[in-house]
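# What the coordinates show
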Amino acid sequence: GAGVSQSPSNKVTEKGKDVELRCDPISGHTALYWYRQSLGQGLEFLIYFQGNSAPDKSGLPSDRFSAERTGGSVSTLTIQRTQQEDSAVYLCASSLGVVGGGSPLHFGNGTRLTVT
Amino acid sequence: EDKVVQSPLSLVVHEGDTVTLNCSYEVTNFRSLLWYKQEKKAPTFLFMLTSSGIEKKSGRLSSILDKKELFSILNITATQTGDSAVYLCAVSSGGSNYKLTFGKGTLLTVNP
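Just so it is clear, the structure is predicted and the values come from calculations on it, not from any experiment.

### Observations regarding the interface of chain B and chain A
Counting residues at the interface gives 19 residues for chain B and 22 residues for chain A. At the surface where chain B touches chain A, the tally comes to one salt bridge. Here Asp 56 of chain A and Lys 99 of chain B are joined by a salt bridge, their closest N and O atoms 3.8 Å apart. Summed over the shared surface of chain B and chain A, the result is five residue pairs in polar contact (both at pLDDT 80 or more). Those elements giving two or more residues to the side of chain B that touches chain A turn out to be β4 (30-38), β5 (43-49), β9 (85-93) and β10 (96-102) of chain B. Along the lines of polarity and charge, the residues of the side of chain B that touches chain A split into ten nonpolar, five polar and four charged.

### Quick look at the sheet that holds strand β1 (residues 3-7) of chain B
All names here are of chain B. Strand order in this open sheet of five strands is β1-β3-β8-β7-β6, and the pairing throughout is antiparallel. Only two strands of the sheet have a single partner each, and these edge strands are β1 and β6 (56-58). The mean inter-strand angle of the sheet, taken between neighbouring strand axes irrespective of direction, is 15 degrees. Pairing geometry for strand β3 (residues 19-26) and strand β8 (residues 71-76), over six bridges, is antiparallel. Across the sheet, residue Val 19 finds its bridge partner in β8, namely Ile 76.

### Considerations on the state of the cysteines
All told, the structure shown has two disulfides over all chains when counted by the stated rule. Here Cys 23 of chain A is linked by a disulfide to Cys 92 of chain A, with a sulfur-sulfur distance of 1.9 Å. As the torsion about the S-S bond is roughly -65 degrees, the Cys 23 of chain A-Cys 92 of chain A disulfide counts as left-handed. With Cys 23 of chain A in strand β3 (residues 19-24) and Cys 92 of chain A in strand β9 (residues 88-95), this pair connects stretches of sequence that are 69 residues apart. Note on Cys 92 of chain A: relative accessible area 0%, which makes it buried. Covalently, Cys 23 of chain B is tied to Cys 89 of chain B through a disulfide, its sulfur atoms 1.9 Å apart.

### Let's talk about the pairing of β5 of chain B
Residue and element names in this part refer to chain B. Across six bridges, β4 lies against β5 in antiparallel orientation. When the sheet's bridge partners are listed, Trp 35 is paired in β5 with Phe 47. Counted along the chain from β4 to the antiparallel partner β5, the turn is four residues long.

### Some remarks on the nonpolar core
Tyr 33, Tyr 35, Leu 105 and Phe 107 of chain A together with Tyr 36, Leu 100 and Phe 102 of chain B are the most contacted members of the largest nonpolar core, which totals 22 residues. With residues up to four places along the chain from it excluded, the contact list for Leu 100 of chain B reads Tyr 35, Val 99 and Leu 105 of chain A together with Leu 34, Tyr 36, Ala 90, Val 91 and Ser 92 of chain B.

### As for the environment of Ser 93 of chain B
Residues and elements named next belong to chain B. Among the secondary structure elements, Ser 93 is positioned in strand β9. Look at Ser 93 and you get buried, because its relative accessible area is 5%. Sequence-wise, Ser 93 and Gln 6 are 87 residues apart; in three dimensions their C-alpha atoms are separated by 17 Å. Excluding residues that lie within four positions of it along the chain, Ser 93 makes contacts with Asp 2, Val 27, Thr 28, Asn 29, Phe 30, Arg 31 and Lys 99.

What counts, and at which threshold
Residues numbered from 1 in each chain as written. Chains lettered and ligands numbered in written order. Predicted model: local features only at pLDDT ≥ 70, side-chain atom pairs only at ≥ 80, totals over all residues. Heavy atoms only, no water. Contact = heavy atoms within 4.5 Å. Salt bridge = Lys/Arg side-chain N within 4 Å of Asp/Glu carboxyl O. Polar contact = N/O pair within 3.5 Å; in protein donor to acceptor, adjacent residues only side chain to side chain. Helix = DSSP H or I, 4+ residues; strand = E, 2+ residues; numbered from the N terminus. Nonpolar A, V, L, I, M, F, W, Y, C, P; charged D, E, K, R; others polar. Pairing = 2+ DSSP bridges. Axes fitted to C-alpha atoms, helices over the stretch in contact; angles between N-to-C directions. Disulfide = S-S within 2.5 Å. Buried < 20%, exposed > 50% of the residue type's maximum accessible area, 1.4 Å probe, protein only. Core = buried A, V, L, I, M, F, W, Y, C linked by side-chain atoms within 4.5 Å.

Spatial relationships are all this shows, so hold off on functional conclusions.
Written out as structure tokens, the structure reads:
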């Protein structure tokens with residue numbers, strides 16, 4: 001597609017349930033990123049993929065969070081046993097190369113997760 | 001730890017005004033500074049700045065970087081209601097050349 005696509009756009013779940021968020025990056029973009037945006041906070045880095053590998057998972061807040069990327073394309077972010085503090089907008093972005101090499105990130109519309 | 005501070009946090013102006021948004025940073029091995037505009041959903045890319053003193057311009061928006069004083073400004077002239085958005089500043093540093101550190105943003109409201 002023309003841009004980064006995320007689904008679902010909104011997700012309401014009960015505390016303790018697992019959720020899966022999906023990201024379809026721009027075709028040909030090798031780098032993929034997940035960020036989290038909470039109310040009143042800046043975007044918080046979660047994880048970076050280069051191809052199917054995740055060299056940096058340091059931003060994942062706890063071991064309840066995991067992510068994978070397959071075929072160098074689609075990525076899923078999974079949150080197990082959701083907690084209320086997980087409520088946020090989860091943004092996916094992709095870029096042609098790394099941002100430090102001059103490739104800006106292009107963001108999707110995000111998934112707004114609400115844990116009740 | 002890398003740090004990006006934006007000011008003001010919010011700003012209300014009238015159509016036609018000129019605004020200046022500020023972004024200061026403290027990072028190790030600076031690589032680039034990026035500006036994004038976020039309306040309801042996806043942040044959209046505006047500018048990437050890597051060199052001091054070179055102005056980037058797109059229509060009524062322009063931005064410049066000062067690597068000595070560690071800040072950037074984003075100017076918007078002849079503001080329109082469609083400029084209302086959160087403007088995000090982010091910095092890429094050499095320690096991890098794939099990670100952006102974001103400021104909290106400036107909420108700009110342009111009233112008719």
